[in-house]
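# Analysis of the macromolecular model
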Amino acid sequence: MRDNMTNPYQNTATARLIADRIRYLAHKKTQAEIASEAGFPNANMMTFLKNGRNKVPLDRVPSLAKALEVDPAYLMRLALDQAVGATAAKAITDIFGTPATENERGWLNELRDASDNSDPRITARSRAALRAMFGKRPAQKSIRSSRCLRPQKRDCGTT
């Protein structure tokens with residue numbers, strides 16, 4: 001019980017990511033070097049972050065992401081959830097949008113190129129194909145609407 005009080009963020013995705021990245025980068029740089037690159041005056045701050053004792057300060061996300069060699073948008077999503085909680089983080093992303101990582105922007109650019117910028121609607125078939133690429137089962141919820149407002153076949157969710 002005491003550990004949760006001293007390390008309230010220990011089970012967050014943010015703390016796990018930081019711990020994993022510190023381990024992964026250990027052959028290249030020390031924890032103290034990572035802390036310094038992130039702008040933390042005290043190397044102990046990295047221990048506090050990876051153990052979940054402290055939240056990631058949102059203003060440090062860009063420099064910490066660079067020091068940990070991770071995408072800053074990805075770290076920001078995790079840190080935002082950690083900082084304000086899942087419900088408030090969802091409200092923020094509902095208003096401002098979800099930060100897209102460089103990898104996600106690459107997927108979007110490829111989709112636009114492959115579709116000749118036709119703004120294709122996702123269909124049951126395309127969703128199933130995408131989920132299969134990642135070894136996931138098809139989504140249970142149907143994406144077809146009962147009433148199609150745009151009469152073209154490709155825009156009505158038909159496969």
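Thresholds, definitions, all that
Residues numbered from 1 in each chain as written. Predicted model: local features only at pLDDT ≥ 70, side-chain atom pairs only at ≥ 80, totals over all residues. Heavy atoms only, no water. Helix = DSSP H or I, 4+ residues; strand = E, 2+ residues; numbered from the N terminus. Buried < 20%, exposed > 50% of the residue type's maximum accessible area, 1.4 Å probe, protein only. Contact = heavy atoms within 4.5 Å. Phe/Tyr/Trp six-rings, centres within 6.5 Å; stacked < 30°, edge-to-face > 60°. Lys NZ or Arg CZ within 6 Å of the ring centre and 35° of its normal.

### Considerations on the overall build of the protein
Scanning the protein from N- to C-terminus turns up nine helices and zero strands. Each helix and strand of the protein, placed in order from N terminus to C terminus, yields the pattern α-α-α-α-α-α-α-α-α. By residue count, 26% of the 159 residues in the protein fall in the buried class. Within the protein, contacts between residues at least 6 apart in sequence are counted, and of these 55% link residues at least 24 apart.

### Thoughts on the environment of Ala-38
Mapped onto the fold, Ala-38 is located in helix 3 (residues 31–38). Spatially, the C-alpha atoms of Ala-38 and Val-61 are 8.3 Å apart, while their sequence positions differ by 23 residues. Filtering out sequence-adjacent residues up to four positions away, Ala-38 remains in contact with Arg-60, Ser-63, Leu-64 and Ala-67.

### Here's the deal with the packing of aromatic side chains
Each aromatic ring pair is described using two quantities: the centre-to-centre distance and the angle formed by the ring planes. What the rule picks out here adds up to one aromatic pair. Ring geometry for Trp-107 and Phe-134: centres 5.8 Å apart, planes at 45°, overall tilted. Residue Trp-107 is found in helix 8 (residues 102–114), and its partner Phe-134 is found in the segment after helix 9 (124–133); the two are separated by 27 residues along the sequence. Above the face of the Phe-48 ring, Arg-53 is positioned so that its terminal group lies 4.3 Å from the ring centre.

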